[in-house]
Amino acid sequence: DAGITQSPRHKVTETGTPVTLRCHQTENHRYMYWYRQDPGHGLRLIHYSYGVKDTDKGEVSDGYSVSRSKTEDFLLTLESATSSQTSVYFCAISDVNTGELFFGEGSRLTVL
Amino acid sequence: AQKVTQAQTEISVVEKEDVTLDCVYETRDTTYYLFWYKQPPSGELVFLIRRNSFDEQNEISGRYSWNFQKSTSSFNFTITASQVVDSAVYFCALSERTGGFKTIFGAGTRLFVKA
């Protein structure tokens, strides 16, 4: 299994509070991604990174920011959580040669 | 713009039937990659296959086969003699080489295989 861990795995928070999800990899892969999964929408790309300090927006980036200060960690921050951000969040890393994604186990976030 | 469309939201079949999951994509890149992933009820995402834009050869792996046609921008997935264990959500994905392997997914097709 690819060495990807997400934390926390479950979180319940209140509207307006900041939330940070962490993705940690031990594979030294260059590319990392954050997706959200919602019924009827599949997996939607939030942000991705193609190197340390190199990030770009995905399909649904509003309300989210990311940071990548070292290869192994990719942080997703909700500055002020809203109920519409209740979702399951998946981190993924990509093999630069094949583009195949390896996913973490997901983080379930509930915003009340 | 990069886009993946899986028009079939849910499909229900009886065991041993063949089933085809459709995937249509849009891209402006000439170099891109297409994928299928499976998400069983347990929730993990499992890689099934990858195709690059220069390889239109169809592929068969056991009961699974994939048909890639650039002319129609389609990458369809067929399960032959379906089994209950095939019940899952299947996602088609497109990765463009430019822009750092930005990978987007279709909305997924939920397959129910009944015994």
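Refer to the structure printed above.
This text gives an overview of the structure that appears in the document.

Rules used in this analysis
- Residues numbered from 1 in each chain as written.
- Chains lettered and ligands numbered in written order.
- Predicted model: local features only at pLDDT ≥ 70, side-chain atom pairs only at ≥ 80, totals over all residues.
- Heavy atoms only, no water.
- Pairing = 2+ DSSP bridges.
- Helix = DSSP H or I, 4+ residues; strand = E, 2+ residues; numbered from the N terminus.
- Axes fitted to C-alpha atoms, helices over the stretch in contact; angles between N-to-C directions.
- Buried < 20%, exposed > 50% of the residue type's maximum accessible area, 1.4 Å probe, protein only.
- Phe/Tyr/Trp six-rings, centres within 6.5 Å; stacked < 30°, edge-to-face > 60°.

### With respect to the sheet that holds strand β1 (residues 4-7) of chain A
Residues and elements named next belong to chain A. If you trace the four strands from one edge of the open sheet to the other, you get β1-β3-β8-β7, paired in antiparallel fashion. Here the strands that pair on one side only, and so sit at the sheet edges, are β1 and β7 (64-70). Taking each pair of neighbouring strands and ignoring which way they run, the sheet shows an average axis angle of 15°. Direction of pairing for strand β3 (residues 19-25) relative to strand β8 (residues 73-78): antiparallel, over a ladder of six bridges.

### Structural notes on the pairing of strand β9 (residues 87-94) of chain A
All names here are of chain A. Of all the eight residues making up β9, eight are buried; the element is thus mostly covered by neighbouring parts of the structure. Covered by surrounding structure in β9 are Ser 87, Tyr 89, Cys 91 and Ile 93 together with Val 88, Phe 90, Ala 92 and Ser 94, the residues of both alternating faces. In the sheet, strand β4 (residues 31-38) pairs with β9 via seven bridges, with the strands oriented antiparallel. Directly across from Met 32, in β9, lies its bridge partner Ile 93. Note: β9 against strand β11 (residues 107-111), three bridges, orientation antiparallel. By the bridge assignment for β11, Tyr 89 is matched with Ser 107.

### Some remarks on the packing of aromatic side chains
One pass over the full model with this rule turns up 24 aromatic pairs over all chains. Here Phe103(A) and Phe105(B) contribute two aromatic rings whose centre-to-centre distance is 6.0 Å and whose plane-to-plane angle is 65°, an arrangement assigned as edge-to-face. You can see Phe103(A) sitting in strand β10 (residues 101-103) and its partner Phe105(B) sitting in strand β11 (residues 102-105), one on each of two chains. By the ring-pair criterion, three or more aromatic residues cluster together here, those being Tyr33(A), Tyr35(A), Tyr48(A), Tyr50(A), Phe90(A), Phe103(A), Phe35(B), Tyr37(B), Phe47(B), Phe91(B) and Phe105(B).

Any functional reading would require information beyond the geometric quantities listed.
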